[in-house]
Amino acid sequence: MRISVIGAGYVGLVAAACLAKLGHAITLVDIDEAKLKQIAGGISPIHEPGLDEILSQVSVETTSDYERIGGSDLILICVGTPCNQDGAMSLEYIEKAARQVSRVLRLKANYCVVAVRSTVVPGTTEELVIPILEQSGKKVGRDFGVCMEPEFLQEGKAVYNYMNPSRIIIGQLDERSGDVLAELYKHVKAPVIRTSIRTAEMIKLASNAFLGARISLINEIGNMCKALGIDTYEVAKGVGLDDRIGSKFLNSGIGFGGSCLPKDLRALIARSRQIGYEPEILERVLKLNDGQALRMVELLKTHVSLKGATIGILGLAFKPGTDDVRDCGAIKIVEALLDGGAAVRAYDPAAMDNFRKLFPQIGYAGPDEVLESDAVLIVTEWEEFEHLDYTGKIVIDGRRVSKAREARIYEGVCW
Ligand code: UDX
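Residues numbered from 1 in each chain as written. Predicted model: local features only at pLDDT ≥ 70, side-chain atom pairs only at ≥ 80, totals over all residues. Heavy atoms only, no water.

1. Structural notes on the nonpolar core
Here is step 1 of the chain: Formed by 55 residues in total, the largest nonpolar core has its most connected members in Ile-311, Ile-313, Leu-314, Leu-337, Phe-355, Leu-377 and Tyr-390.
Here is step 2 of the chain: It is helix H13 (residues 329–339) that provides the largest number of residues to this core, a total of 5 residues.
Here is step 3 of the chain: Excluding anything up to four places from it in sequence, Leu-337 contacts Val-297, Leu-300, Leu-306, Ile-311, Ile-313, Ala-342, Val-344 and Leu-377.
Here is step 4 of the chain: If you look at the next biggest cluster of nonpolar residues, it comprises 41 residues, including Ile-3, Ala-15, Leu-19 and Val-60. (Core = buried A, V, L, I, M, F, W, Y, C linked by side-chain atoms within 4.5 Å. Buried < 20%, exposed > 50% of the residue type's maximum accessible area, 1.4 Å probe, protein only. Helix = DSSP H or I, 4+ residues; strand = E, 2+ residues; numbered from the N terminus. Contact = heavy atoms within 4.5 Å.)

The following block contains the structure:
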């Protein structure tokens, strides 16, 4: 199939690389020429296992010129949908991409399908994208088809997730539109759900709402367990054996971060308010999450006075396996430490460059030097932290690194 991918960010780049590997002819469009050059050279601009390898094997046409996508059978819109100040989803890039695709459709002779892969709030594809596409003078359903196909990629496992999806959700305008995506995924051994466009949009946001709620719930149980002298991880083990509940995503700690869960929950809350429904559970989920990382600082203060102390941070990324620091717990923690008059010295195997852009004023060092600090906070559970020597140290652990229990003073945030 001739497929064009709009947006060379996380979602678009993984899709472009994996679809090229599956034998499709891919054109990847982005406005960032430097990024495109890097990709064309076989190097991924993001830290994602397996991506460099695929990019060095396949040929992906990269361009900033939308005219080059005129021959496509399928156009995937994969641009970012960041948060506005008020938490609502910004649809600026979706709108821009739709306008460019509309210009392409105007001159296009053959039928093609435009699929939204960006995470959008329910209603966006039908109320915003389709009207813009129809400004081309072409008629939706007759001259072109439309789908919404959410992605469920986890950073650090995105290539694996793409090639081995848990499910394929095809939100289709009509059968003809959906058939094009169904054909694309016919080799995939995963359940395929064909549904309406707005249902597909909601499935994505509802999935992230469940994941976020699950983490906040286990953190709430964890906060109780901490006060009651109970180990939450043992509780989670006992609870997770109930197959109605399941054992995944029950790790209590400093809460969820990253580019998706916090943003998507805020967007769903904002959308819900727009339609006059107050989403009380989701609001509490976010509120609990917002305070969770700071519990580490409160625990720290019971052992060390912040003023004049040097506090070490092990781990900055929002989770292991990525260099992503968007909405990560380390941001709130470092801000609180600096406000309290402490000096901060941090280490992360992948995310120091990104974190330095946010906090140029703190120290960055290797793990051994970080361990020389007056106390150490473990903020990301990188595997290498299981091999450090914590003896004699004061450690506050936000992520359950077993080896750190050998410290002179050890406190887990929820255990
Ligand atoms: C998430 C969704 O999992 C994915 O389906 C969606 O497409 C994008 O958002 P990702 O942001 O890569 O993926 O991270 P994920 O692995 O889900 O972790 C999110 C956050 O939750 C991390 O900060 C992680 O540390 C935290 N987490 C996860 C917990 O605190 N406890 C857990 O048990 C699991």
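2. A look at the pattern of salt bridges
Here is step 1 of the chain: Evaluated as defined, the whole model comprises 28 salt bridges.
Here is step 2 of the chain: Where Arg-273 meets Glu-278, a salt bridge forms, and the shortest distance between an N and an O atom there is 3.1 Å.
Here is step 3 of the chain: Judged by relative accessible area, Arg-273 falls into the partly exposed class, the value being 43%.
Here is step 4 of the chain: The network of salt bridges with shared partners includes Glu-126, Glu-127, Arg-198 and Arg-271. (Salt bridge = Lys/Arg side-chain N within 4 Å of Asp/Glu carboxyl O.)

3. Points about the packing of aromatic side chains
Here is step 1 of the chain: Applying the stated rule across the entire model yields 3 aromatic pairs.
Here is step 2 of the chain: Centroid distance Phe-355 to Phe-359: 5.0 Å. Interplanar angle 20°. Geometry classified as stacked.
Here is step 3 of the chain: A residue is classified by how much of its surface remains accessible, and Phe-355, at 0% relative accessible area, is buried.
Here is step 4 of the chain: By relative accessible area, which is 6% here, Phe-359 ends up buried.
Here is step 5 of the chain: The lysine or arginine in question, Arg-167, covers the ring of Phe-152, its NZ or CZ lying 3.6 Å from the ring centre.
Here is step 6 of the chain: Over the ring of Tyr-111 we find Arg-176; its NZ or CZ atom is 3.5 Å from the centre of that ring. (Phe/Tyr/Trp six-rings, centres within 6.5 Å; stacked < 30°, edge-to-face > 60°. Lys NZ or Arg CZ within 6 Å of the ring centre and 35° of its normal.)

4. Notes on the pairing of strand S5 (residues 112–116)
Here is step 1 of the chain: Counting buried positions along S5 gives 5 out of 5 residues, so the element sits mostly inside the fold.
Here is step 2 of the chain: Of the two faces of S5, the one holding Cys-112, Val-114 and Val-116 and the one holding Val-113 and Ala-115 are both buried throughout.
Here is step 3 of the chain: As paired elements, strand S4 (residues 74–77) and S5 share 4 bridges and run parallel to each other. The residue of S5 that forms the bridge with Ile-75 is Val-114.
Here is step 4 of the chain: As for the winding sense of the linkage, the β-α-β connection from S4 through helix H4 (residues 92–106) to S5 is right-handed. (Pairing = 2+ DSSP bridges. Right-handed = clockwise from strand over helix to strand, strands pointing away.)

5. What about the sheet that holds strand S9 (residues 310–314)?
Here is step 1 of the chain: In spatial order, the strands read S11-S10-S9-S12-S13-S14; together these 6 strands make up an open sheet with parallel pairing. Strands with a single pairing partner mark the edges of an open sheet, and in this sheet they are strand S11 (363–364) and strand S14 (409–412).
Here is step 2 of the chain: Pairing geometry for S9 and strand S12 (residues 375–378), over 4 bridges, is parallel. In the strand pairing of S12, Leu-314 is matched with Ile-378.

6. Things to note about the domain arrangement of the chain
Here is step 1 of the chain: Entries for the chain in the domain assignment read domain 1 (2–197), domain 2 (205–292) and domain 3 (294–412).
Here is step 2 of the chain: Centre-to-centre separation of domain 2 and domain 3, based on C-alpha positions: 23 Å.
Here is step 3 of the chain: Listed by partner, the interface residues are 18 residues for domain 2 and 17 residues for domain 3.
Here is step 4 of the chain: Interface of domain 2 and domain 3: buried area, both sides summed, is about 1,400 Å²; carbon and sulfur atoms make up 46% of it. (Domains from an automatic or database assignment. Buried area = accessible area lost by both parts, 1.4 Å probe.)

7. Digging into H4
Here is step 1 of the chain: Given a rise of 1.5 Å per residue, 15 residues ought to cover 21 Å, and the 21 Å separating the end C-alpha atoms of H4 matches this to within 8%.
Here is step 2 of the chain: Looking at the buried side of H4, the elements it contacts are strand S1 (2–6), S4, S5, helix H5 (124–134) and strand S6 (144–148). (Expected span 1.5 Å × (residues − 1).)

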